Amino acid sequence: MTKKILFVASEAAPFVVTGGLGDVIGALPAAIMNKSDMDVRVVLPFYRDISENHMSEIEYVCYTYVSLGWRNQYSGIFRTKYKNVTFYFIDNEYYFKRDGCYGHFDDGERFAFFCKSVLEILPLIDFFPDIIHAHDWQSALVPIYLRTLFGDSENYRRIRTAFTIHNIEYQGKYDLSILGDVFSLSDYHGGIVEWNGCINLMKGAIEVCDKLLTVSPTYASEIFSPFYSHGLSPIIEKNSGKLGGILNGIDYETYNPKTDMSVFRQFDETTFENGKRENKLLLQHMFGLTQNADIPLIAVISRLVNHKGMDILAEAADRIISGGAQLAVLGTGDYNYEDFFYNLARRHPGMAYTELKFNPDTARKMYAASDIFLMPSKSEPCGLAQMIASRYGSVPIVRATGGLYDSIHDCSLGRGNGFTFSGYGSGDIIDAVNRAKTLYYDKENWRALVKEVMKTDFSWDKSAGHYINTYNSM
Ligand code: GLC
């Protein structure tokens, strides 16, 4: 019998994307459906960004009222199909007709309403899934409500749950005093979500889900240690029997240098040499960098925050540039790093460029034009940028952690697809950059490496197979 799976998440491409989570939820369901007869559907909040930009494709289904603490709130249901996958949207203008997805004072209440609605609408959309797959803390209350508030009904009791941690740093922590008022949970159920004197939604989902997943095998083993777990290692330890890690992929249709209309010149595995050269000269021009195809161009596309390794990159940046490489940085983040990279570009005219924006179009131009893609993360659950960079022939230099460790292998050790380092210091970055530069000037071998990098298979196909096996085992 066809297995029915419902993904619950707070973002999905192409409707709304702020980070890797959105890319994954936009691509994985379709990849699973291509490879199996499973019926995978997705439910998201109906943010203003979605209703304004995608309304012509989306249809209204029906509405209901959902109780949350003392509230009783309207909950509308909308629907569309994308890549053959049905997407549902939960509408409530008070909660979701706002700027962006996150960062509002009442995010806990907004996502509690979303999670409760997801379970309430199942009879209305006539879809009782075999498995609900919830992602990150914003969806953590779905498995929790399923085992508490919805535990009496047979239709709900038979649903199995998977919960994926995309990043353990963001847990959804709230004051215990709002357990009943905001989260509709009684003191009797409080123990499920309580951790270190707070409500911790991610902790609750980890405890009650049937299958616990992270987005790479290495990250799944790293979160046992306090260095990576942000306080949850005892909970991971306790639930280790149901933990697994599956590496993400990227959407090979969306990220394809042969068809990407954002890049200056399209290219593929056979035409990359000229293609990348032209892209580089045009991007150097656009960024006001010295136009010279022989200068190695290093790209950084990242949130400018500590755990992405921006502290050690900031220490290394001046030396990387004075060593003869150009550095282009794209992203937003903490003020001190924005300030640093802004000034770096001013200090090194012609050799450094900084754009403090999340700009997908510029990002694609940078992937296509750069020779080297630098990702010095302190921790990285999976990371998608190193995969996109590879597809566009930009050789990754990564710190060997989490999904970076699982996806990039150092070419000095034989057949590899990039450069890696494991220490966490500016010297480690510089050493890796120097190794890459040495090979860069050895044109013949560099060409062979870029080819190898572009050939690495990061498509969803492989990972989708692992998800199908996991669902079948539940
Ligand atoms: C989070 C993680 C990132 C991962 C993404 C998708 O953003 O920080 O490493 O690639 O989720 O799973």
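Residues numbered from 1 in each chain as written. Predicted model: local features only at pLDDT ≥ 70, side-chain atom pairs only at ≥ 80, totals over all residues. Heavy atoms only, no water.

Cis geometry is found at the peptide bond from Ala13 to Pro14, where omega equals 5°. Residue placement: Pro14 occurs in the loop between β1 (4–8) and α1 (20–35). We note that Asp126 has phi near 55°; this positive angle belongs to a residue other than glycine. Judged by its relative accessible area of 65%, Asp126 is exposed. Phi is positive for His230, close to 50°, though the residue is something other than glycine. Looking at where His230 falls in the secondary structure, it is placed in the loop between α11 (226–229) and α12 (233–238). (Helix = DSSP H or I, 4+ residues; strand = E, 2+ residues; numbered from the N terminus. Buried < 20%, exposed > 50% of the residue type's maximum accessible area, 1.4 Å probe, protein only.)

As a further point, take the site of the ligand. With respect to spatial proximity, the complete set of residues near the ligand consists of Gly20, Leu21, Val24, His166, Asn167, Val215, Asn248, Glu380, Pro381, Cys382, Gly383 and Leu384. In this structure, Asn167 approaches the ligand through a side-chain N or O atom, which is 3.3 Å from an oxygen atom. Between the ligand and Asn248 there is a distance of 2.8 Å, counted from an oxygen atom to a side-chain nitrogen or oxygen. Protein chains bury 90% of the 310 Å² of accessible surface belonging to the ligand in isolation. Shared between two domains, the shell around the ligand holds at least three residues of each, these being domain 1 (4–249 + 461–473) and domain 2 (272–457). (Near = heavy atom within 4 Å. Polar contact = N/O pair within 3.5 Å; in protein donor to acceptor, adjacent residues only side chain to side chain. Areas by Shrake-Rupley, 256 points an atom, 1.4 Å probe, with all protein chains shown as cover. Domains from an automatic or database assignment.)

With that out of the way, let us pick up the domain arrangement of the protein. Partitioning the protein into structural domains gives domain 1 (4–249 + 461–473) and domain 2 (272–457). Placing a centre on the C-alpha atoms of domain 1 and another on those of domain 2 gives a separation of 33 Å. Each side of the interface is counted separately: domain 1 has 21 residues, and domain 2 has 18 residues. Interface area for domain 1 against domain 2, summed over the two sides, is near 1300 Å², with a carbon-plus-sulfur share of 59%. (Contact = heavy atoms within 4.5 Å. Buried area = accessible area lost by both parts, 1.4 Å probe.)

On to the packing of helix α14 (residues 310–322) against helix α19 (residues 426–440), then. Contact pair α14 / α19: the axes reach a minimum separation of 8 Å and the direction vectors enclose 45°. Between α14 and α19, the angle is such that the two are oblique. The chirality of how α14 crosses α19 is right-handed. Note on element contacts: α19 touches α14 through Ser426, Ile429, Ile430 and Val433, opposite Ile312, Leu313, Glu315, Ala316, Arg319 and Ile320. Within the contact of α14 with α19, the residues separate by chemical class into 7 nonpolar, 1 polar and 2 charged. (Axes fitted to C-alpha atoms, helices over the stretch in contact; angles between N-to-C directions. Parallel < 35°, antiparallel > 145°, perpendicular 65-115°, else oblique. Left-handed = near helix turned anticlockwise from the far one by under 90°. Nonpolar A, V, L, I, M, F, W, Y, C, P; charged D, E, K, R; others polar.)

Viewed as axis vectors pointing N to C, α14 and helix α15 (residues 335–347) meet at an angle of 5°, and their least axial separation amounts to 11 Å. Between α14 and α15, the crossing angle belongs to the class labelled roughly parallel. Contacts from Met310, Asp311, Leu313, Ala314, Ala317, Asp318 and Ile321 in α14 reach Tyr337, Phe340, Phe341, Leu344 and Arg347 in α15. When the residues that make up the contact of α14 with α15 are grouped by side-chain class, the tally is 9 nonpolar, no polar and 3 charged.

Another aspect to go through is the pairing of strand β13 (residues 297–301). Within β13, 5 of the 5 residues are buried, which leaves the element mostly enclosed by the surrounding structure. Side chains of β13 alternate between two faces, with Leu297, Ala299 and Ile301 and Ile298 and Val300 buried alike. Of the strand pairs in this sheet, β13 and strand β14 (residues 326–330) are connected by 5 bridges, and their pairing is parallel. Counted as the bridge partner of Leu297 is Gln326 from β14. A crossover connection joins β13 to the parallel β14 through α14; in handedness this β-α-β unit is right-handed. The pairing of β13 with strand β16 (residues 372–375) spans 2 bridges and is parallel. Directly across from Ile298, in β16, lies its bridge partner Ile372. (Pairing = 2+ DSSP bridges. Right-handed = clockwise from strand over helix to strand, strands pointing away.)

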